[in-house]
Protein chains: 2
Amino acid sequence: MRNQKQNERIREERKEQILAEAVKQFAHKGLFATKIKDIAEAAGIAQGLIYHYFKSKEDIYVEIIKDALDKLNEAVYMLQEIQLRPHEKIKTAIEELLKTIESSDNFIQTCRLIAQATNSTAIPDKTKELITEKQDLPYQEIAKIMAAGQQEGTIIKADPYELAVLFWTSINGLAIYKATRQGAVSIPDARLLTRLFLT
Amino acid sequence: MRNQKQNERIREERKEQILAEAVKQFAHKGLFATKIKDIAEAAGIAQGLIYHYFKSKEDIYVEIIKDALDKLNEAVYMLQEIQLRPHEKIKTAIEELLKTIESSDNFIQTCRLIAQATNSTAIPDKTKELITEKQDLPYQEIAKIMAAGQQEGTIIKADPYELAVLFWTSINGLAIYKATRQGAVSIPDARLLTRLFLT
DNA sequence: TATTATATTGAATGAACGTTCAATCAAAAG
DNA sequence: CTTTTGATTGAACGTTCATTCAATATAATA
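Definitions and limits used
- Residues numbered from 1 in each chain as written.
- Chains lettered and ligands numbered in written order.
- Predicted model: local features only at pLDDT ≥ 70, side-chain atom pairs only at ≥ 80, totals over all residues.
- Heavy atoms only, no water.
- Least-squares fit on C-alpha atoms with pLDDT ≥ 70 in both.
- Contact = heavy atoms within 4.5 Å.
- Patch = residues over 30% accessible without salt bridge, like charges linked within 9 Å, V, L, I, M, F, W, Y side chains within 5 Å.
- Areas by Shrake-Rupley, 256 points an atom, 1.4 Å probe, with all protein chains shown as cover.
- Salt bridge = Lys/Arg side-chain N within 4 Å of Asp/Glu carboxyl O.
- Lys, Arg positive; Asp, Glu negative; His and termini not counted.
- Charge placed at Lys NZ, Arg CZ, Asp CG, Glu CD.
- Helix = DSSP H or I, 4+ residues; strand = E, 2+ residues; numbered from the N terminus.
- Expected span 1.5 Å × (residues − 1).
- Buried < 20%, exposed > 50% of the residue type's maximum accessible area, 1.4 Å probe, protein only.
- Arc of directions from axis to C-beta.
- Phe/Tyr/Trp six-rings, centres within 6.5 Å; stacked < 30°, edge-to-face > 60°.
- Lys NZ or Arg CZ within 6 Å of the ring centre and 35° of its normal.
- Buried area = accessible area lost by both parts, 1.4 Å probe.

Our next topic: the relation of the copies chain A and chain B. Expressed as a screw operation, the relation of chain A to chain B combines 0.0 Å of axial shift with a rotation of 180 degrees, fitting to an RMSD of 0.0 Å. Taken together, the rotation and translation describe the operation of a two-fold axis. A share of 100% of interface residues in chain A that are also interface residues in chain B marks the association as one of identical surfaces.

Right, let's get into a negative patch on the surface. Residues and elements named next belong to chain A. On the surface, E8, E12, E16 and D67 cluster together to form a negatively charged patch. Broken down by element, the residue count for the negative patch peaks at three residues, all from helix α1 (residues 4-33). Here E12 shows up in helix α1.

All right, on to helix α5 (residues 86-103) of chain A then. Residues and elements named next belong to chain A. Its 18 residues give α5 an end-to-end C-alpha distance of 26 Å, which sits within 8% of 26 Å, the value for a rise of 1.5 Å per residue. Turning to α5, its buried residues are P86, K89, I90, A93, I94, L97, L98 and I101. Buried positions in α5, seen along its axis, are confined to an arc of 155 degrees and lie on one side of it. In α5, the exposed positions that point more than 90 degrees away from the buried face belong to K99 and S103. Structurally, α5 contributes buried residues whose contacts are with α4 (57-81), α6 (105-118), α8 (136-152), α9 (160-180) and α10 (190-195).

Ring pairs (aromatic) are described by centroid distance and by the angle formed between their planes. A full pass over the atoms with the stated rule returns ten aromatic pairs over all chains. Note on F26 of chain A and Y61 of chain A: the rings are 5.2 Å apart at their centroids and 80 degrees apart in plane angle, and the pair reads as edge-to-face. Residue F26 of chain A is found in helix α1, and its partner Y61 of chain A is found in helix α4; the two are separated by 35 residues along the sequence. A relative accessible area of 1% means that Y61 of chain A is categorised as buried. Here the aromatic rings of Y139 of chain A and Y161 of chain A are separated by 6.0 Å at their centres, their planes lie at 25 degrees, and the arrangement is stacked. Within this pair, whereas Y139 of chain A is found in helix α8, its partner Y161 of chain A is found in helix α9, the two being separated by 22 residues in sequence. Taking the relative accessible area as the measure of exposure, Y139 of chain A reaches 10% and is therefore buried. Y161 of chain A gets classed as partly exposed once you look at its relative accessible area, which sits at 23%. By the ring-pair criterion, three or more aromatic residues cluster together here, those being Y139 and Y161 of chain A together with Y177 of chain B. The cationic tip of R181 of chain A hangs over the ring face of Y139 of chain B; the distance from NZ or CZ to the ring centre is 4.9 Å.

Our next topic: the interface of chain A and chain B. With 42 residues of chain A in contact, the opposing surface of chain B contributes 42 residues. The largest per-residue losses of area from chain A upon contact with chain B belong to N119, L192 and R195 of chain A, which jointly make up 20% of the total buried on that side. Run the count over chain A and chain B and you get zero salt bridges. Of all the elements in the fold, those that place two or more residues in the side of chain A that touches chain B are α1, α6, α8, α9 and α10 of chain A.

What follows is the structure in structure tokens.
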């Protein structure tokens with residue numbers, strides 16, 4: 001028989017493979033239009049095998065949404081660490097996020113998944129909990145930076161949280177925009193958006 | 001027996017009633033998580049009766065998406081008519097749109113429906129056609145106004161279409177933001193957003 | 001090679017759902 | 001009151017789908 005280490009590795013690889021295909025399917029079609037058959041076919045395995053690795057379709061979905069929210073929060077957390085003035089943080093964040101939108105399918109999938117989940121009341125309860133738990137952090141974090149910048153006089157005077165809302169709705173909107181027009185779309189220059197927040 | 005006029009009126013009223021409930025359901029849950037049973041129950045009628053008025057669930061959905069896109073285009077079209085300088089048009093549009101986001105559930109439902117439909121590849125082909133046909137007009141229209149304002153030196157210099165993208169992604173993002181936090185959320189002041197476009 | 005444990009398959013199951021349909025109801029017209 | 005026509009109901013039908021399961025394959029170990 002196989003030893004435990006090998007088994008664990010195979011198991012982990014298969015799980016990742018299934019998750020990777022499921023992310024694509026969910027991002028494009030959402031939870032309810034994505035069929036287990038779709039995921040199995042995309043992964044090149046039998047339908048039944050999916051249930052060897054996951055309890056249910058919902059479970060896969062919940063895990064994916066969790067990962068998506070975590071990924072976003074992690075990125076935001078890194079922003080805290082960087083040694084920059086607040087207004088430079090905002091500038092850098094916008095530049096990096098727009099660059100990522102242009103280059104990374106992965107990030108766009110993350111945005112699509114979160115947007116769908118956020119915009120539907122039909123998602124599993126567990127997903128709703130994750131969202132209430134994790135969705136606010138990016139807003140809070142950006143709001144903090146905005147407030148700090150206001151202290152220094154480099155960020156425009158307005159409710160910091162409202163500025164954060166504008167920040168994220170713009171970024172998110174652009175990601176979805178890019179996602180839904182396949183191919184050549186021109187994402188606005190970072191300086192345009194930056195201008196919205198700096199004095 | 002009833003005369004034809006009465007029948008037509010009853011028929012029209014019922015259709016509207018079904019559509020009104022379907023809009024709510026679709027806006028909250030999307031096409032695939034909304035069941036015919038849900039719509040029938042919300043409308044207080046038997047499931048079967050829906051098929052006396054509509055050919056299929058998809059048909060209802062397509063009609064609703066069509067209405068949503070038309071409503072948006074109509075609003076944009078009215079903007080053309082107003083006698084104002086380009087930068088005043090942008091200012092007024094932002095003010096009115098933000099006011100509408102704060103007050104009108106109807107508008108928010110429209111935004112949700114369009115966002116969902118745009119963000120999914122699983123929607124009916126007929127819906128996809130409607131979107132490709134009608135979705136670009138608001139962008140074009142705002143881009144035109146931006147370009148005109150640039151001629152007058154009142155709108156910031158940048159690709160007009162990119163400005164339009166920024167315009168709509170912000171508005172749309174805010175509408176979705178409001179939709180998904182039930183109750184008290186503070187929508188940013190119109191002046192903040194206006195500042196993004198004016199010189 | 002025989003054994004054992006897990007991976008994998010594909011068919012079976014059962015529930016949910018969209019749609020159809022036969023039967024009944026309601027109301028106006030004769 | 002009777003007829004006629006469309007509105008309405010609720011059960012029935014057929015399909016799709018998530019999930020389960022019995023059977024088979026694989027590969028490491030003894």
